[in-house]
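The primary structure of each chain is shown beneath.
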Amino acid sequence: MSDTAKTAYLLEEASAVKLPYIILGSVLVLVAIIFYFMHLPSMKSKQTENEVKPGFFSVLKFSHLSWAVVAQFFYVGAQVCVTSFFVRIAQKEAGLDEKTAAYYLGIYGLLFMIGRFSGTFFLKFVKDYVLLSIYCIISALLCLVAIYGSGITVIYALGGLGFFMSIMFPTIFSLGLVGLKSNTETGSSWLVMSIVGGAILPYAMGTLIDMKHDDIQSGYIIPLVCFVIILYFGIFGHKVKNIVS
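Reading guide: rules and limits
Residues numbered from 1 in each chain as written. Predicted model: local features only at pLDDT ≥ 70, side-chain atom pairs only at ≥ 80, totals over all residues. Heavy atoms only, no water. Helix = DSSP H or I, 4+ residues; strand = E, 2+ residues; numbered from the N terminus. Axes fitted to C-alpha atoms, helices over the stretch in contact; angles between N-to-C directions. Parallel < 35°, antiparallel > 145°, perpendicular 65-115°, else oblique. Contact = heavy atoms within 4.5 Å. Nonpolar A, V, L, I, M, F, W, Y, C, P; charged D, E, K, R; others polar. Core = buried A, V, L, I, M, F, W, Y, C linked by side-chain atoms within 4.5 Å. Buried < 20%, exposed > 50% of the residue type's maximum accessible area, 1.4 Å probe, protein only.

(A) Quick look at unusual backbone geometry. For K181, which is not a glycine, the phi torsion comes out positive at approximately 55°. Note that K181 resides in the loop between α8 (168–176) and α9 (184–193). In the Ramachandran plot, H213 falls in the positive-phi region, its phi being about 60° despite a non-glycine side chain. Here H213 shows up in the loop between α10 (197–211) and α11 (216–219).

Shown next, in the form of structure tokens:
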């Protein structure tokens, strides 16, 4: 493109997202105003003798919370890695054009939503840590397919990842808060902050891909390692241990 055509193209692309962001921003402002004027009851529990005193770092003495923070860090990182490189791997490994790759990305998002609803149903019959562990094992196997597979099979594997990743965030979150009592608010803060993994791990994945001379499939080793770590949390790390001040 010429400079003039390129500038016009970029302006057109930018203008296409103005209305959605204006609507989204307006809704968020409205929600903020509602919460400002809404008075919610304070949730405070009586501290027992053996309970860890509320504190930003002392709450990490709960080992299951510490592991939940680690697991959440790697889960969000894995999710962002899989999603961010989806179109690129679909183009390079499955030979899809950008529009078709974006279509499959939409299906991936749909499977994520379906997985969240179906996972909620399964949790009525299966222990949360058991379901989390099963989904981690399946996700790790799908990562291996994404790494060593070829053609459209790789895309199917990534779609499956969307389905089986769906319940991980809320399940890890709830398991990490078990038994925290007066430390629940601080523990929740740690779990929310752990989403920074979504900013760090994609960079690591991109660096690995560059080191492998743009071999995008090799980059999915990063999500594979993430699911193995989450699996450890699902089997061992979630267990609540007695804490003495």
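(B) The arrangement of the packing of helix α3 (residues 63–84) against helix α5 (residues 98–122) in detail. For the pair α3 and α5, the least separation of the axes is 11 Å and the interaxial angle reads 150°. By the angle between their directions, the pair α3 and α5 is classed as roughly antiparallel. Taking contact as the criterion, the partners of Y75, Q79, V82 and T83 in α3 are, on α5, L105, Y108 and F112. Of the residues contributing to the contact of α3 with α5, the split by class is five nonpolar, two polar and no charged.

(C) Summary view of the nonpolar core. If you look at the biggest cluster of nonpolar residues, it comprises 60 residues, and the most contacted ones within it are M168, I172, Y220, F227 and I230. Not counting chain neighbours up to four residues away, the residues in contact with Y220 comprise C81, V82, F85, F86, I89, C143, A146, I147, L158 and M205.

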